[in-house]
Amino acid sequence: MKEAILASFLHCTSSDNPQHMNCPEGPQSWCFYNKAIANGQQPPPHKENVGTPLSADVARAIRPIYDRMSELSLLNRIKHGRTQNASECVNGQIWARCPKTVHVGASRINAAIASAVSHFNQGCSHLSQVLKKLGSAPSSNLQQYQATQDLKRCSQADNDCAPAKKRARKANKNQKKRATGTQEKGEGQTYGPGVL
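The paragraphs below set out a description of the structure included in this document. (Residues numbered from 1 in each chain as written. Predicted model: local features only at pLDDT ≥ 70, side-chain atom pairs only at ≥ 80, totals over all residues. Heavy atoms only, no water.)

1. Some remarks on the overall build of the chain
To keep things clear, this is the line we draw: The way it works is that DSSP assigns letters per residue, a run of H or I at least four long becomes a helix, a run of E at least two long becomes a strand, and they are numbered from the N terminus. Only protein chains enter the accessibility calculation, which uses a 1.4 Å probe. A residue is then buried if its area is under 20% of the maximum for its type, exposed if over 50%, and partly exposed in between. Here a residue-residue contact requires only that any non-hydrogen atoms of the pair lie within 4.5 Å. Shrake-Rupley sampling with a 1.4 Å probe provides the accessible areas, and residues are treated as covered by the protein chains on show and by no other component. Counted as positive: Lys and Arg. Counted as negative: Asp and Glu, with His and the chain ends omitted from the count. Throughout, a charge is located at the NZ atom of Lys, the CZ atom of Arg, the CG atom of Asp or the CD atom of Glu.
Summing up its helical and strand segments, the chain has 10 helices and 0 strands in all. When its helices and strands are written in sequence order, the chain yields α-α-α-α-α-α-α-α-α-α. On the principal axes, the C-alpha backbone points of the chain span a range of 70 × 60 × 40 Å. Expressed as a percentage of its 196 residues, the buried residues of the chain come to 19%. Considering only contacts in the chain between residues 6 or more positions apart, those separated by 24 or more positions represent 34%. Of the accessible surface of the chain, which amounts to about 14800 Å², a share of 55% is contributed by carbon and sulfur atoms. Charge separation in the chain, taken as the distance between the mean sites of 26 positive and 13 negative side-chain charges, equals 10 Å.

2. Examining the side chain of Ser-128
Definition in use: Think of a polar contact as two N or O atoms within 3.5 Å of one another; within protein, one of them needs to be a possible hydrogen donor and the other a possible acceptor, and neighboring residues in sequence only count if both atoms come from side chains.
Position of Ser-128 among the secondary structure elements: in helix α8 (residues 126-133). For Ser-128, a relative accessible area of 6% gives the class buried. Here the side chain of Ser-128 touches Gln-146 through a polar contact of 2.5 Å, side chain to side chain.

3. Observations concerning the packing of helix α1 (residues 2-13) against helix α4 (residues 56-69)
Here is the rule: Lines are fitted to the C-alpha atoms to define the axes, a helix being fitted only along its stretch in contact, and any angle between axes, read from their N-to-C directions, falls within 0 to 180 degrees. Each angle is binned into one of four classes, with values under 35 degrees roughly parallel, values over 145 roughly antiparallel, values of 65 to 115 roughly perpendicular, and all other values oblique. Handedness of a crossing follows from how the near helix is turned relative to the far one, being left-handed for an anticlockwise turn of less than a right angle and right-handed for a clockwise one. Nonpolar residues are Ala, Val, Leu, Ile, Met, Phe, Trp, Tyr, Cys and Pro. Charged residues are Asp, Glu, Lys and Arg, and all others, Gly as well, are polar.
At a minimum axis separation of 9 Å, α1 and α4 run at an interaxial angle of 165°. Between α1 and α4, the angle is such that the two are roughly antiparallel. The hand of the α1/α4 crossing is right-handed. Residues Ile-5, Leu-6, Ser-8, Phe-9 and Thr-13 of α1 form the contact with α4, whose own contacting residues are Ala-59, Ile-62, Arg-63, Tyr-66 and Met-69. Across the contact of α1 with α4, the residue classes break down as 7 nonpolar, 2 polar and 1 charged.

4. Some remarks on helix α7 (residues 106-122)
Using the following cut-off: To estimate the expected span of a helix, subtract one from its residue number and multiply by 1.5 Å.
For α7, which comprises 17 residues, the first-to-last C-alpha distance of 24 Å matches the rise-based estimate of 24 Å (1.5 Å per residue) to within 8%. Phi turns positive one or two residues past the end of α7, at Gly-123, with a value near 75°.

5. Considerations on the packing of aromatic side chains
Heads up, the condition is: The criterion for an aromatic pair is that two Phe, Tyr or Trp rings (for Trp, the six-membered ring) have centres within 6.5 Å, with stacked assigned to planes under 30 degrees apart, edge-to-face to planes over 60 apart and tilted to the rest.
Considering all chains together, one arrives at 1 aromatic pair under this definition. When the centroid spacing of 4.9 Å and the interplanar angle of 50° are considered together, the rings of Phe-9 and Tyr-66 count as tilted. Taken as a pair, Phe-9 in helix α1 and Tyr-66 in helix α4 lie far apart in primary sequence, 57 residues in all. Taking the relative accessible area as the measure of exposure, Phe-9 reaches 4% and is therefore buried.

This is how it looks when you write it as structure tokens:
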């Protein structure tokens, strides 16, 4: 994975000085340069295939980002391949606090992001920590409520991950798909350009 991340960076910085040593090799490679070599052909010009390569200044500026993206500590966290739902969950919490449909300023967006990330990482108890930082002691009722909410959230998440629950969701989705297909067959096309 680390090599693939670096390969994408070097591929985009290539110009007349090819830097495809980390790109996958062979006739099925996504790298036009290594694919041509594997097929015994002359590699086509970079200008036609890379478009506008990253300039040396841009490459120097973004290289630290690529290095951070390929740190082993980060890659170990995502190697199980279950990161998309977590990311979508954080996005959902951000937009619940700051809807896309309402125009707000940067400070409101930053506050929504900070609140959503804190809630995602620490649960409801993050509010107690915010209150402590502001110099206000959270009440025992608030702490009890937060603990209850966190237990409910964790219990719901465990329940949603159960294999039976996943099968039920999939069956429900397939049933809705079949019902929609049956309805469309009976009514014909009801939506589209020039249909109404």
